[in-house]
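# Coordinate inspection notes
Below, each chain spelled out in residue letters.
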Amino acid sequence: GESVGLHLPTLSVQEGDNSIINCAYSNSASDYFIWYKQESGKGPQFIIDIRSNMDKRQGQRVTVLLNKTVKHLSLQIAATQPGDSAVYFCAEYNTGTASKLTFGTGTRLQVTL
Amino acid sequence: EAQVTQNPRYLITVTGKKLTVTCSQNMNHEYMSWYRQDPGLGLRQIYYSMNVEVTDKGDVPEGYKVSRKEKRNFPLILESPSPNQTSLYFCASSLFTGGGSEQFFGPGTRLTVL
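Basis of the calculations
Residues numbered from 1 in each chain as written. Chains lettered and ligands numbered in written order. Predicted model: local features only at pLDDT ≥ 70, side-chain atom pairs only at ≥ 80, totals over all residues. Heavy atoms only, no water. Helix = DSSP H or I, 4+ residues; strand = E, 2+ residues; numbered from the N terminus. Rg over C-alpha atoms; globule rule 2.2 N^0.38 Å. Salt bridge = Lys/Arg side-chain N within 4 Å of Asp/Glu carboxyl O. Buried < 20%, exposed > 50% of the residue type's maximum accessible area, 1.4 Å probe, protein only. Pairing = 2+ DSSP bridges. Axes fitted to C-alpha atoms, helices over the stretch in contact; angles between N-to-C directions.

So, about the overall build of chain A. Looking only at helices and strands, chain A has zero helices and ten strands in total. The helix and strand sequence of chain A, counted from the amino end, reads β-β-β-β-β-β-β-β-β-β. Taken against the 2.2 N^0.38 rule, which gives 13 Å for 113 residues, the C-alpha radius of gyration of chain A at 14 Å falls within 12% of a compact globule. With the C-alpha coordinates aligned to their principal axes, the bounding extent of chain A is approximately 45 × 25 × 20 Å.

Here it is in structure tokens:
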């Protein structure tokens with residue numbers, strides 16, 4: 001598959017444990033945030049999003065937390081499975097400027113058996 | 001099946017030889033975009049289009065051209081490729097621009113310029 005990054009920070013988690021992936025965003029004016037998952041050889045895939053008027057949003061096995069005070073975003077994956085192994089990107093968006101998502105550099109999640 | 005397709009998936013070319021990477025979506029999306037992905041730099045936007053005949057530069061447009069003559073297609077053109085354009089390219093589309101509209105990505109095109 002395609003390599004998306006040779007020097008990505010890596011998080012190793014045992015199968016069944018919870019994973020927490022962190023992201024610091026740069027623009028205090030950003031008001032919409034998205035987490036993407038990228039598996040080897042594939043394009044990024046939407047996981048979950050959150051708007052700046054929320055602190056927390058839950059999906060199926062995933063939760064995103066937003067702390068605007070310190071410009072921090074986290075993705076929590078419950079009961080991590082081997083299929084969760086991928087690179088995870090956060091992206092920020094400013095609806096005032098429109099048109100452009102700004103992506104973080106990504107974190108590689110490795111799930112060990 | 002709703003999808004974004006790109007062709008070719010892999011391409012090796014030489015400096016200066018014009019090439020086009022095609023992108024097509026079957027979801028009737030208004031917004032389309034091209035990104036390049038490089039190790040340590042994440043995804044960077046090259047060009048985007050908010051609708052037919054409306055295109056604009058992203059963060060790294062130098063050396064690239066795009067066109068949007070039809071809603072479904074958004075080709076990326078490299079008039080005179082150079083080695084620093086060796087990268088992994090992704091096309092993406094979304095229903096509209098702005099928050100709340102999920103971007104769907106194509107499978108990627110790995111370009112090597114010798």
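Before going further, it helps to examine the pattern of salt bridges. Any two side chains of opposite charge can pair, so long as their charged atoms come close to each other. Throughout the structure, instances matching the rule amount to eight salt bridges over all chains. Glu39 of chain A is the partner of Lys42 of chain A in a salt bridge, and the nearest nitrogen-oxygen pair spans 3.8 Å. For Lys42 of chain A, a relative accessible area of 49% translates into the label partly exposed. Put simply, Lys68 of chain A and Asp55 of chain A hold a salt bridge, and the shortest N to O gap is 3.5 Å. Remark: Asp55 of chain A occurs in the loop between strand E4 (45-51) and strand E5 (56-58) and Lys68 of chain A occurs in the loop between strand E6 (62-67) and strand E7 (72-77); sequence separation between them is 13 residues. Residues participating in the shared-partner salt-bridge network are Lys18, Lys65 and Glu79 of chain B.

On to the sheet that holds strand E7 (residues 65-66) of chain B. Residue and element names in this part refer to chain B. An order of E1-E3-E8-E7 is seen for the four strands of this open sheet, with the pairing classed as antiparallel. At either end of the open sheet lies a strand with only one pairing partner, and these are strand E1 (4-7) and E7. Relative to strand E3 (residues 19-25), E1 runs antiparallel, the two being bridged by four bridges. By the bridge assignment, Val4 is partnered in E3 with Gln25.

Moving on: the sheet that holds E5 of chain A. Residue and element names in this part refer to chain A. The strand order across the open sheet formed by four strands is E2-E7-E6-E5, and the pairing between neighbours is antiparallel. Both edges of this open sheet fall to strand E2 (19-24) and E5, since each of them pairs with a single strand only. Ignoring which end each strand starts from, the neighbouring axes of this sheet average 15 degrees apart. Taken together, the six bridges between E6 and E7 define a ladder with antiparallel strand orientation. Within E7, the residue paired with Leu66 across the bridge is Leu73.

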